[in-house]
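Understanding the architecture of this molecule
Residues per chain are reported as follows:
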Amino acid sequence: GESVGLHLPTLSVQEGDNSIINCAYSNSASDYFIWYKQESGKGPQFIIDIRSNMDKRQGQRVTVLLNKTVKHLSLQIAATQPGDSAVYFCAESQGGSEKLVFGKGTKLTVNP
Amino acid sequence: DSGVTQTPKHLITATGQRVTLRCSPRSGDLSVYWYQQSLDQGLQFLIHYYNGEERAKGNILERFSAQQFPDLHSELNLSSLELGDSALYFCASGYQMDYGYTFGSGTRLTVV
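Report on the accompanying structure. Note that the structure is a prediction, hence the values are computed from the model and not measured.

A separate point is the interface of chain A and chain B. With 21 residues of chain A at the contact, the number on the chain B side is 18 residues. For the pair chain A and chain B, the interface holds zero salt bridges. Summed over the shared surface of chain A and chain B, the result is four residue pairs in polar contact (both at pLDDT 80 or more). Mapped onto the side of chain A that touches chain B, the elements with two or more residues apiece are β4 (30-38), β5 (45-51) and β9 (86-94) of chain A. Ranked by residues supplied to the side of chain A that touches chain B, first place goes to β4 of chain A with four residues. Of the residues that constitute the side of chain A that touches chain B, the class distribution is eight nonpolar, eight polar and five charged.

Encoded structure:
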């Protein structure tokens with residue numbers, strides 16, 4: 001069935017370190033993936049996306065890696081800052097579908 | 001401010017009651033998506049409207065219904081409320097049929 005899961009429910013890092021948040025997806029037909037950040041009391045905020053014809057995409061301090069062979073997605077945050085503390089969700093979509101399937105989320109805590 | 005406006009922000013109501021949640025999409029966005037976020041189920045897709053027409057349904061209960069009006073705002077109606085309906089309800093909007101949703105800040109529904 002369709003499901004997007006996360007390996008670690010919580011991640012704690014020191015300020016300035018790099019963070020890696022992982023996500024496994026089960027639908028091999030998924031062709032579009034998004035990472036969202038959700039801060040307390042707010043809605044999910046788009047961070048970065050990647051399509052299945054790419055392996056890597058970079059944004060400002062963030063990089064998403066896609067490994068279709070093992071159906072794995074990761075979000076790398078460089079020089080993690082306290083403002084990065086939030087819950088991070090990966091989401092997948094299958095071509096032609098307007099529905100995003102979200103993972104359970106990973107809570108990132110950045111320690112000063 | 002994401003540009004997606006949801007009202008009310010908080011709602012407390014009794015079991016058996018009916019409530020209406022409202023969403024105004026970002027200017028220019030034709031699609032409206034509704035999601036439910038609960039602690040045990042994460043973000044669950046409910047329904048998608050595009051330019052007034054229903055496009056896709058997810059795990060939406062028969063007690064729930066939605067519509068999108070000519071001015072593109074949308075309403076999610078929840079009836080015969082149960083304790084388990086307590087959750088955050090998010091609306092997201094997008095332009096045409098692309099996937100980069102923008103989420104509102106949500107409505108927190110508490111059923112007592």
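Scanning all chains against the criterion turns up two disulfides over all chains. Between the sulfur of C23 of chain A and that of C90 of chain A lies a disulfide, 1.8 Å long from S to S. Judged by the sign of its S-S torsion, about 55°, the cystine formed by C23 of chain A and C90 of chain A is right-handed. One end of the pair, C23 of chain A, is in strand β3 (residues 19-25); the other, C90 of chain A, is in strand β9, and 67 residues separate them in sequence. The exposure class of C90 of chain A is buried, given its relative accessible area of 1%. Through a disulfide, C23 of chain B is tied to C91 of chain B; the S-S separation comes to 1.8 Å. Its S-S torsion of about -50° marks the bond between C23 of chain B and C91 of chain B as left-handed, since a negative value means left-handed. Highlighted residues: C23 of chain B in strand β3 (residues 19-24) and C91 of chain B in strand β9 (residues 87-94), separated in sequence by 68 residues. Comparing C23 of chain B with C91 of chain B shows no difference in burial state: the two are buried.

Before going further, it helps to spend a moment on the packing of aromatic side chains. In this description, an aromatic ring pair is defined by two values, namely the gap between the centres and the angle between the planes. For the structure on display, the rule yields 14 aromatic pairs over all chains. Measuring from centroid to centroid gives 5.4 Å for F102 of chain A and Y35 of chain B, while their planes differ by 80°, and the two rings are edge-to-face. Of the two residues, F102 of chain A sits in strand β10 (residues 101-102) while Y35 of chain B sits in strand β4 (residues 31-38), which places them in two different chains. You'll find F102 of chain A and Y35 of chain B in the same group, each marked buried. An angle of 50° between the planes, with centres 6.0 Å apart, marks the rings of Y101 of chain B and F103 of chain B as tilted. On the basis of relative accessibility, which here comes to 1%, the residue Y101 of chain B falls in the buried class. Members of the aromatic cluster, connected to one another through ring pairs, are Y36, F46, F89 and F102 of chain A together with Y33, Y35, F45, F90, Y101 and F103 of chain B.

Calculation criteria
Residues numbered from 1 in each chain as written. Chains lettered and ligands numbered in written order. Predicted model: local features only at pLDDT ≥ 70, side-chain atom pairs only at ≥ 80, totals over all residues. Heavy atoms only, no water. Contact = heavy atoms within 4.5 Å. Salt bridge = Lys/Arg side-chain N within 4 Å of Asp/Glu carboxyl O. Polar contact = N/O pair within 3.5 Å; in protein donor to acceptor, adjacent residues only side chain to side chain. Helix = DSSP H or I, 4+ residues; strand = E, 2+ residues; numbered from the N terminus. Nonpolar A, V, L, I, M, F, W, Y, C, P; charged D, E, K, R; others polar. Disulfide = S-S within 2.5 Å. Buried < 20%, exposed > 50% of the residue type's maximum accessible area, 1.4 Å probe, protein only. Phe/Tyr/Trp six-rings, centres within 6.5 Å; stacked < 30°, edge-to-face > 60°.

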